[in-house]
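Coordinate analysis (summary)
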Amino acid sequence: VCSQSRAAFMTGWPTHVAGHRSLYSLLQQWEPNMLKYLKSAGYEVRWWGKNDLLAADSFPDSVDSAMSAPGMSSIFARNIAGHNASDPRYY
């Protein structure tokens, strides 16, 4: 599933509503997303693995904790937004 489909699924908006037409258009803090609603309702939201959905500013409002896979190969050293893989919010 591509990033555009994930953005549509998590917001409930068709991809063209907020311009999510490319791999580099991540969900921003001001945009609704299902993870943010679950977290605000008291659920503990955990992220594991690669992030090609949430922008850095929306991550704290949407996710409680994040983990990355140990020993990820160098080909995955950066995600599509260019963030360092050592930061678990992004990988």
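Every chain is numbered on its own, with residues counted from 1 as its sequence reads. Residues qualify for local features only when their pLDDT is at least 70, as the model is predicted, and side-chain atom pairs are given and counted only at 80 or more; totals for whole chains, interfaces and linings, by contrast, use all residues. The side-chain values count all of the structure's non-hydrogen atoms but skip hydrogen atoms and water molecules.

Brief notes about the overall build of the chain
For clarity, the threshold we go by: The numbering of helices and of strands both runs from the N terminus, where a helix is a DSSP run of H or I of at least 4 residues and a strand a run of E of at least 2. Between two residues, a contact is recorded if the distance between any of their heavy atoms is within 4.5 Å.
Helices and strands together make up the secondary structure of the chain, namely three helices and two strands. Sequence-ordered secondary structure for the chain, helices as α and strands as β, is α-α-β-α-β. Long-range pairs, those at least 24 residues apart, make up 38% of the contacts in the chain between residues at least 6 apart in sequence.

As for the nonpolar core
Heads up, the rule is: For our purposes a nonpolar core is just a set of buried Ala, Val, Leu, Ile, Met, Phe, Trp, Tyr and Cys residues, chained together by side-chain atoms within 4.5 Å. The cut-offs for exposure are 20% and 50% of the maximum accessible area for each residue type, with area from a 1.4 Å probe on protein chains only; residues under the lower value are buried, those over the upper are exposed, and the others partly exposed.
Ranked by size, the top nonpolar core spans eleven residues in total: A7, M10, L27, L35, V45, W47, L53, L54, F59, V63 and A66. In this structure L54 touches L26, L27, N33, L35, W47, F59, S62 and V63, once residues within four positions along its chain are discounted.

With respect to the side chain of Q4
If you trace the backbone, Q4 turns up in helix α1 (residues 3–11). Residue classification places Q4 among the buried residues on the basis of a relative accessible area of 17%.

With respect to the pattern of salt bridges
Note the following rule: Any Lys or Arg side-chain nitrogen found within 4 Å of a carboxyl oxygen on Asp or Glu counts as a salt bridge.
Tallied over the full model, the rule gives three salt bridges. For the salt bridge of R6 with D52, the shortest nitrogen-to-oxygen distance reads 2.7 Å. With R6 in helix α1 and D52 in the loop between β1 (46–48) and α3 (59–62), this residue pair connects regions lying 46 residues apart in the sequence. The class of R6 is partly exposed, set by a relative accessible area of 24%. Across the pair D64 and K39 runs a salt bridge, and its minimum N-O distance is 3.6 Å. Highlighted residues: D64 in the loop between α3 and β2 (65–67) and K39 in helix α2 (residues 34–40), separated in sequence by 25 residues. By relative accessible area, which is 40% here, D64 ends up partly exposed.

Quick word on a nonpolar patch on the surface
Definition in use: Patch construction takes residues with relative accessible area above 30% that form no salt bridge. Like charges are linked within 9 Å, and nonpolar side chains (Val, Leu, Ile, Met, Phe, Trp, Tyr) are linked within 5 Å. In these tables, accessible area is a Shrake-Rupley quantity obtained with a 1.4 Å probe, and a residue counts as shielded only by the protein chains included in the view.
Residues F9, M34, L38 and Y43 make up a contiguous nonpolar surface patch of about 430 Å² in total accessible area. Following the sequence through the fold, Y43 ends up in the loop between α2 and β1.

Notes on α1
Selection rule: This arc corresponds to the set of directions leading from the helix axis out to the C-beta atoms.
The complete set of buried residues in α1 reads S3, Q4, A7, M10 and T11. Looking straight down α1, one finds that the buried residues subtend no more than 135° of arc, so they occupy a single side. The elements touched by buried residues of α1 are α2. Count one or two residues on from α1 and you reach G12, which has phi positive near 85°.

Comments concerning the environment of R46
Applicable threshold: Each polar contact in these results corresponds to two N or O atoms within 3.5 Å; when the atoms are within protein, one needs to be able to donate a hydrogen and the other to accept it, and residues that are neighboring in sequence are counted only if both atoms are side-chain atoms.
Tracing the backbone shows R46 in strand β1. Considering only alpha carbons, one finds R46 and S65, 19 residues apart in sequence, at a separation of 5.0 Å. Of note is the side chain of R46, whose polar atom sits 3.0 Å from the side chain of E44.

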